[in-house]
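Listed below are the residues making up each chain.
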Amino acid sequence: MAPGPDEDRRRELKAKVAQKASGSHNTKRETKAQAKARAEKEAQDRAAKNAKAQADARAAQAKAAAAAGPWALEGEEAQELGIHLGISCDGCGQGPPLIGRAMKCRDCRDFDLCDDCFPLRLDAAREKIAAAAGMPGKGRHPAAHHFGARRAASVMTTEAVAAEKFAARQAAAAAKDKVVEANSTSSVVTQAGIEANESKAAGPESTRMAWRPSPRNAEFLPMAHGPPTVLRPA
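Residues numbered from 1 in each chain as written. Predicted model: local features only at pLDDT ≥ 70, side-chain atom pairs only at ≥ 80, totals over all residues. Heavy atoms only, no water.

Caption draft 1: The arrangement of the overall build of the chain in detail. The helix and strand inventory of the chain stands at three helices and six strands. Helices and strands in the chain line up, N terminus first, as α-β-β-β-β-α-β-β-α. Within the span of the chain, comprising 234 residues, buried residues form 16% of the whole. Considering only contacts in the chain between residues 6 or more positions apart, those separated by 24 or more positions represent 52%. (Helix = DSSP H or I, 4+ residues; strand = E, 2+ residues; numbered from the N terminus. Buried < 20%, exposed > 50% of the residue type's maximum accessible area, 1.4 Å probe, protein only. Contact = heavy atoms within 4.5 Å.)

Right, here's the structure in full:
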C-alpha cells in the first residue's frame, strides 16, 4: 500500500524539524567556540584604532607646532608657562633656561625677555651703551618692536612655576653665599701668608721663644739675668 499524501507531509515536516534542530545545535556550538576569538579580535581592533588616533593626534600637534615655530598658539596661555630650554633673558641675564613666560621679539633675530623685564623692555646691550654715554637707566628695547610669547618646552601650572622660581632664587642665593665665603676664606689665608712672610723677614729672633725652667726647678737650674757679661782674662 503506497503512502498517502499525509504520510509524505509528516515525513517532510519531521526531516525539516530534525534539520533545524541539528543546525541550531551546530550554530550554538560555533558561537561558543568563536566567542573568545571574536572578543580578542574586537579588543585588538579597538587597541589599534586608539593607537592610530593617538598617533594622528601627535602628528597633528607636531605639524601645528612646526607651523607655529617657536610661538605659542594664539589664545593658548597654558602653552606659554613652563620651562624654556636654551633661552636666556637679554634684559637681566637670567637663564638658561627661563622659567615662566618668555617673550620673544618678532623684529629681532634673537632677543628674549623674562616676565620681570618685559614690562620695562629692559635691554642689557642698549643699557651698556646708554651708561657709556652718561645716561644710565635709559637703555630700553625699541617700543616699536613687537613681541610674542614663546611656547614652553615643558608646560607647567602657575603654582609649579612659582615654586620653581622660588627654588631657583634659593639656589642662586646659596651659590652667591658660597662665592662670598670662598672669597673671604681666600682673603684670610692671604692675610695669614702675608703676616707669616713679614714675620719671617723680621728674622728668627723675633719669633724665637727664650727657654726658662719651670718655677719648681728654677732653684736647681739658675739662669743668668741682666745684660750679658763679657768675660776677660784674669
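Caption draft 2: Region of interest: the sheet that holds strand S1 (residues 82-84). Strand order in the open sheet made by the three strands is S2-S1-S6, with antiparallel pairing throughout. The sheet is open, and its two edges are formed by strand S2 (98-100) and strand S6 (154-155), each paired on a single side. Relative to S6, S1 is paired through two bridges, and the arrangement is antiparallel. The residue of S6 that forms the bridge with Gly-82 is Val-155. (Pairing = 2+ DSSP bridges.)

Caption draft 3: Fine view of the sheet that holds strand S5 (residues 147-149). On the basis of which strands lie adjacent, the open sheet formed by three strands has the order S4-S3-S5 and antiparallel pairing. Each end of this open sheet is capped by a strand with a single partner; those strands are strand S4 (112-113) and S5. Sheet topology note: the strand S3 (residues 103-105)/S5 ladder contains three bridges and is antiparallel. Paired with Met-103 across the bridge in S5 is Ala-149.

Caption draft 4: Spotlight on the packing of aromatic side chains. Under the defined criterion, the tally for this structure stands at two aromatic pairs. Each ring, one from Phe-111 and one from Phe-147, has its centre 6.2 Å from the other, and the planes form 65°; the classification is edge-to-face. Taken as a pair, Phe-111 in the loop between S3 and S4 and Phe-147 in strand S5 lie far apart in primary sequence, 36 residues in all. Judged on exposure class, the residue Phe-111 and its partner Phe-147 are both buried. Centroid distance Phe-118 to Phe-147: 5.3 Å. Interplanar angle 65°. Geometry classified as edge-to-face. In this pair, Phe-118 is assigned in the loop between S4 and helix H2 (124-132) and Phe-147 in strand S5, connecting sequence segments 29 residues apart. Since its relative accessible area comes to 28%, Phe-118 is described here as partly exposed. Grouped by ring-pair contacts, the aromatic residues Phe-111, Phe-118 and Phe-147 constitute a single cluster. (Phe/Tyr/Trp six-rings, centres within 6.5 Å; stacked < 30°, edge-to-face > 60°.)

Function-wise, these values are silent; they only describe arrangement.
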